[in-house]
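Residue strings, one per chain:
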There are 2 protein chains.
Amino acid sequence: MTLKRVAQDLNLSVTTVSRALNGYSDVSESTREKVIDAARRVGYVPNRLAQALQRGTAEAVGIILPSQFGHFEDPFFLELLVGIGERLHNANLDLVVCAVPEGPAELDAYKRLVEGRRADAIIVARTRRQDERIDYLIDRGVPFVTHGRAETREPIAFIDADARTAFRRSTRRLIELGHRRIALIGAPEELFTAGERKAGYEDALREAGIAFDPNLYAVTKLNERGGTAAAERLLQAETRPTALLCANDTVALGALRIARRLGITVPEELSIVGFDDLPMAAQAEPALTTMRQDIRRAGARLAEMTCARLGGTAVNDLQELLEAPLIERESTGPAPGGA
Amino acid sequence: MTLKRVAQDLNLSVTTVSRALNGYSDVSESTREKVIDAARRVGYVPNRLAQALQRGTAEAVGIILPSQFGHFEDPFFLELLVGIGERLHNANLDLVVCAVPEGPAELDAYKRLVEGRRADAIIVARTRRQDERIDYLIDRGVPFVTHGRAETREPIAFIDADARTAFRRSTRRLIELGHRRIALIGAPEELFTAGERKAGYEDALREAGIAFDPNLYAVTKLNERGGTAAAERLLQAETRPTALLCANDTVALGALRIARRLGITVPEELSIVGFDDLPMAAQAEPALTTMRQDIRRAGARLAEMTCARLGGTAVNDLQELLEAPLIERESTGPAPGGA
DNA sequence: CCTGCGTTCCAAAACGTTTTGGAAAGGATA
DNA sequence: TATCCTTTCCAAAACGTTTTGGAACGCAGG
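Conventions adopted
- Residues numbered from 1 in each chain as written.
- Chains lettered and ligands numbered in written order.
- Predicted model: local features only at pLDDT ≥ 70, side-chain atom pairs only at ≥ 80, totals over all residues.
- Heavy atoms only, no water.
- Helix = DSSP H or I, 4+ residues; strand = E, 2+ residues; numbered from the N terminus.
- Buried < 20%, exposed > 50% of the residue type's maximum accessible area, 1.4 Å probe, protein only.
- Contact = heavy atoms within 4.5 Å.
- Least-squares fit on C-alpha atoms with pLDDT ≥ 70 in both.
- Buried area = accessible area lost by both parts, 1.4 Å probe.
- Salt bridge = Lys/Arg side-chain N within 4 Å of Asp/Glu carboxyl O.
- Polar contact = N/O pair within 3.5 Å; in protein donor to acceptor, adjacent residues only side chain to side chain.
- Axes fitted to C-alpha atoms, helices over the stretch in contact; angles between N-to-C directions.
- Parallel < 35°, antiparallel > 145°, perpendicular 65-115°, else oblique.
- Left-handed = near helix turned anticlockwise from the far one by under 90°.
- Nonpolar A, V, L, I, M, F, W, Y, C, P; charged D, E, K, R; others polar.
- Near = heavy atom within 4 Å.
- Domains from an automatic or database assignment.
- Pairing = 2+ DSSP bridges.
- Right-handed = clockwise from strand over helix to strand, strands pointing away.

Chemist: What is the right way to look at the overall build of chain A in this model?
Modeler: Along chain A, the regular secondary structure elements total 14 helices and 12 strands. By its C-alpha atoms, chain A is 90 × 40 × 35 Å across when sized along the principal axes. Counting across all 339 residues of chain A, residues that qualify as buried make up 57%. Once local pairs closer than 6 in sequence are excluded, the contacts in chain A between residues at least 24 apart make up 68%.

Here's what the structure looks like:
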């Protein structure tokens with residue numbers, strides 16, 4: 001059912017029907033009523049493609065899933081997607097999702113989205129310190145918002161957890177509990193957030209006068225296998241750490257498993273801290289101490305910011321850092337050996 | 001950069017440029033080369049909206065995420081999404097994702113997708129026995145493919161795990177191990193798959209001459225909390241089951257936790273079986289016996305079938321049942337009390 | 001009676017493609 | 001020379017909207 005058909009039925013012009021439905025003032029109330037009525041009766045729904053073509057916008061925002069993520073490892077992403085999707089849906093914007101294997105194909109997918117005009121704006125997730133996707137979007141002048149910061153030549157719109165503060169706070173808390181040998185299992189260093197987490201950890205160490213020990217620092221992919229491998233290495237050193245700060249809940253749960261396997265009791269002999277507060281964290285045994293992120297809310301904000309960006313809000317007004325409070329559960333406790 | 005601009009640059013008509021780029025034979029090789037060359041030089045990419053409008057298709061397929069899923073509980077869905085997304089991307093189709101809260105808004109989202117012509121086809125996930133979404137799509141004559149079967153008035157295109165066979169096989173295996181009191185924690189009964197799983201379980205019991213005991217049957221939402229609640233109830237009955245068949249790995253892991261909390265050893269006193277084979281399953285302690293589904297592959301097939309459906313393949317040729325083989329790990333063993 | 005001003009309507013252009021139905025030019029055939 | 005193909009090109013219509021720039025009408029003020 002098209003506008004033209006509705007117009008013919010009513011003996012009106014398409015112009016009038018269009019303007020009646022879109023609330024213009026140059027159509028009388030009586031005909032407006034007739035039009036709205038008829039439209040509903042015949043089930044008229046505007047053709048989105050035609051609207052978009054005419055308006056010169058796609059009425060959609062794009063997001064790209066690097067498929068590796070999807071490999072079950074991180075429920076995180078689905079949650080983010082749902083947060084974004086719900087809010088966009090309310091704003092009557094489509095969410096166009098592309099899944100591509102991480103690697104060279106990734107940037108191509110962005111190009112296809114942008115240059116084929118399938119999306120008016122892009123949401124970039126899991127930002128890297130040097131991020132070619134962001135460079136590209138800046139070059140093209142495409143509105144975009146990122147989840148996570150990056151090192152860019154000009155300011156960008158982003159939302160991010162304040163991981164530095166969170167890790168500083170957690171580390172400080174562990175120090176307060178008497179820990180001195182605190183290890184960090186960090187994220188891959190190309191991720192911006194990896195640097196933040198490490199910096200927060202180092203901040204707290206410095207404040208307490210504890211030297212950073214490279215032997216207490218490991219890096220891992222953000223999945224459970226990565227967690228077990230890194231934890232295993234750290235825990236089998238001759239003088240092992242008394243506390244483990246993990247980039248991720250998934251990683252932390254991997255560490256927890258290794259500790260159990262090695263016969264190290266948590267939290268008596270080893271404290272473990274995660275990040276994200278996935279539901280799994282609360283249900284682990286012992287329940288995992290972690291830093292909480294409200295991911296769905298972050299997704300929703302991301303969507304709102306994208307709309308704001310499309311509405312012309314300046315990027316400088318679209319930069320948000322979210323607190324990630326420490327949730328102390330059972331996987332942390334006083335350092336062993338009664339300090 | 002539009003077709004018109006390219007045409008002007010070359011002193012050709014848009015027709016010729018269009019046809020040159022689309023490989024029609026009524027343009028000479030020399031001009032075709034010139035056109036292709038110029039197009040690449042100025043970075044011409046066709047406007048997808050214009051193409052779509054003209055062709056009368058959206059060049060996109062839609063899928064709707066009931067937001068509840070996203071609640072971290074089930075990595076399943078992300079995996080499916082990635083499988084679908086990758087394949088559609090290769091076919092140069094967009095994937096339009098809507099996230100809406102489960103409930104009345106859900107069907108509206110389908111309507112918006114279909115009637116606004118945002119999608120040429122729809123993928124429906126997590127089918128219910130009586131599924132109004134499917135009824136709607138049939139009524140509208142929209143091509144669609146489902147993940148999971150449903151009770152419909154006419155045949156539909158679907159892909160589904162053969163849960164009945166899988167549950168029958170697992171139950172039979174437990175009986176072989178000497179179990180007689182085998183409980184089933186099933187999915188909510190409105191889901192089609194719930195009936196299949198129960199039927200497979202009952203098939204095996206019947207074959208072994210064991211009567212179905214309603215006290216050994218519970219139903220739960222497909223998340224960890226549901227698993228713990230149902231398992232708790234079943235395990236605290238006076239004569240508790242010696243084996244637990246779970247609708248889901250997530251549910252099974254919940255059950256595992258409860259067993260541990262109640263001091264019931266697995267698998268010595270209680271065998272537990274899951275479904276899906278999430279990576280978490282292999283890493284649980286003890287490692288979970290489960291039925292394997294290759295979800296990403298299912299997603300990919302779903303995408304292929306959608307394309308086939310758009311290409312006119314009959315629904316009867318687009319019905320696939322996938323095996324879900326039993327993966328025996330450490331959470332199952334001989335029935336206690338030496339049968 | 002003319003002018004000016006609201007009010008209400010509409011024809012036509014535009015968005016960027018694809019496709020239809022020729023047209024022009026050149027060569028071969030009669 | 002007239003006719004008929006081939007080859008190569010193109011003008012214009014179409015897809016379904018939104019928007020521009022009036023037009024027609026009635027009415028008040030002069």
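That shown, we press on.
Chemist: Sorry if this is basic, but what is going on with the relation of the copies chain B and chain A here?
Modeler: Copies of the same chain, two in number, are related to each other by a rotation about an axis and a translation along it. When chain B is fitted to chain A, the best match, at an RMSD of 0.2 Å, comes from turning it 180° and sliding it 0.1 Å along the axis. This pairing of chains is accounted for by a two-fold axis. Within chain B, the C-alpha atom positioned nearest to the axis of rotation is that of V96(B), 2.3 Å from it.

Chemist: It is not clear to me how the interface of chain B and chain A should be interpreted in this structure. Could you clarify?
Modeler: Bring the parts together and some accessible area is lost; that lost area is often taken as the interface size. Contact residues are listed per partner, giving 55 residues for chain B and 55 residues for chain A. Interface area for chain B against chain A, summed over the two sides, is near 5,100 Å², with a carbon-plus-sulfur share of 59%. Our count for the chain B to chain A interface comes out at 5 salt bridges. Residue E285(A) pairs with R260(B) through a salt bridge whose shortest N-O separation is 3.8 Å. Across the contact surface, chain B and chain A share 18 residue pairs in polar contact (both at pLDDT 80 or more). Breaking the side of chain B that touches chain A down by element, the ones donating at least two residues are helix 4 (48-55), helix 5 (75-90), strand 2 (94-100), helix 6 (104-115), helix 10 (224-235), helix 11 (249-261), helix 12 (279-283) and helix 13 (295-310) of chain B. Top contributing element to the side of chain B that touches chain A by residue count: helix 5 of chain B, with 10 residues.

Chemist: Honestly, the packing of helix 5 of chain B against helix 13 of chain B in this entry has me stumped. Any pointers?
Modeler: Any two packed helices are characterised by the angle at which their axes cross and by the distance between the axes. Residue and element names in this part refer to chain B. Two numbers describe how helix 5 lies on helix 13: the axes approach to 7 Å, and their chain directions differ by 40°. By the criterion of interaxial angle, the relationship of helix 5 to helix 13 is oblique. Between helix 5 and helix 13 lies a crossing of right-handed hand. Counting all contacts with helix 5, which are made through F76, E79, L80, V82, G83, I84, E86, R87 and L88, the residues of helix 13 involved are I295, R296, A298, G299, A300, L302, A303, E304 and C307. Taken together, the residues that form the contact of helix 5 with helix 13 break down as 11 nonpolar, 2 polar and 5 charged.

Chemist: Quick question: what am I supposed to make of the protein's contact with DNA strand D here?
Modeler: Close to DNA strand D lie 26 residues, the nearest being L3(A), S18(A), Y24(A), T15(B) and T16(B). Sugar plus phosphate: this is where 61% of the atoms of DNA strand D within 4 Å of the protein reside. At 2.7 Å from a phosphate oxygen of DNA strand D is found a side-chain nitrogen or oxygen belonging to S18(A). Between a phosphate oxygen of DNA strand D and a side-chain N or O atom of Q51(A), the distance comes to 3.2 Å. Elements that contribute at least two residues to the surface near DNA strand D include exactly helix 2 (14-21) and helix 4 (48-55) of chain A together with helix 2 (14-21) and helix 4 of chain B. Broken down by element, the residue count for the surface near DNA strand D peaks at 4 residues, all from helix 4 of chain A. Its residues assigned to classes, the surface near DNA strand D shows 9 nonpolar, 14 polar and 3 charged.

Chemist: Sorry, what's going on with the domain arrangement of chain A here?
Modeler: Per the domain assignment, the segments making up chain A are domain 1 (3-46), domain 2 (60-161 + 295-322) and domain 3 (163-292 + 325-338). Inter-centroid distance (C-alpha atoms) of domain 1 of chain A to domain 3 of chain A is 63 Å.

Chemist: I keep staring at the environment of E268(A) and nothing clicks. Help me out?
Modeler: Residue and element names in this part refer to chain A. Take E268: it is sitting in the loop between helix 12 (249-261) and strand 9 (271-276). For E268, a relative accessible area of 51% gives the class exposed. Separated by 119 residues in the primary sequence, E268 and R149 place their C-alpha atoms 37 Å from one another.

Chemist: Explain the side chain of R32(B) to me, please; I cannot follow it from the model alone.
Modeler: All names here are of chain B. Residue placement: R32 occurs in helix 3 (residues 29-42). Here Y24 takes part through its backbone oxygen, which lies 2.5 Å from a polar atom of the side chain of R32. If sequence neighbours within four positions are ignored, R32 has contacts with R19, A20, G23, Y24, S25 and V27.

Chemist: Is there a simple way to explain the sheet that holds strand 7 (residues 217-219) of chain B in this structure?
Modeler: Note: strands within a sheet are paired through backbone hydrogen bonds, in either parallel or antiparallel orientation. All names here are of chain B. Strand order in the open sheet formed by 6 strands is 7-6-8-9-10-12, and the pairing between neighbours is mixed. Each edge of the sheet is formed by a strand with only one pairing partner; in this case those strands are strand 7 and strand 12 (326-327). Here strand 10 (residues 289-292) pairs with strand 12 via 2 bridges, running antiparallel. Across the sheet, the residue bridging to T290 is I327, located in strand 12. Packed on one face of the sheet, helix 10 meets strand 6 (182-186), strand 7 and strand 8 (243-246) and runs near 155° to strand 6. Against the sheet, helix 11 touches strand 6, strand 8, strand 9 (271-276) and strand 10, its axis set at about 155° to strand 9.

Chemist: Would you explain the pairing of strand 3 (residues 121-125) of chain B in this entry?
Modeler: Two faces make up the sheet, and in a regular strand the side chains alternate between them. Residues and elements named next belong to chain B. Of all 5 residues that make up strand 3, 5 are buried, and the element is covered over most of its length. The alternating pattern of strand 3 places A121, I123 and A125 and I122 and V124 on opposite faces, both of which are buried. Relative to strand 3, strand 1 (residues 60-66) runs parallel, the two sharing 3 bridges. Residue pairing in the sheet places I63 in a bridge with I123 of strand 3. Here strand 3 runs beside strand 4 (residues 144-147); their pairing, made up of 4 bridges, is parallel. From the neighbouring strand, V124 faces strand 4, where its bridge partner is T146. Handedness of the strand 3-helix 7 (residues 132-140)-strand 4 crossover: right-handed.

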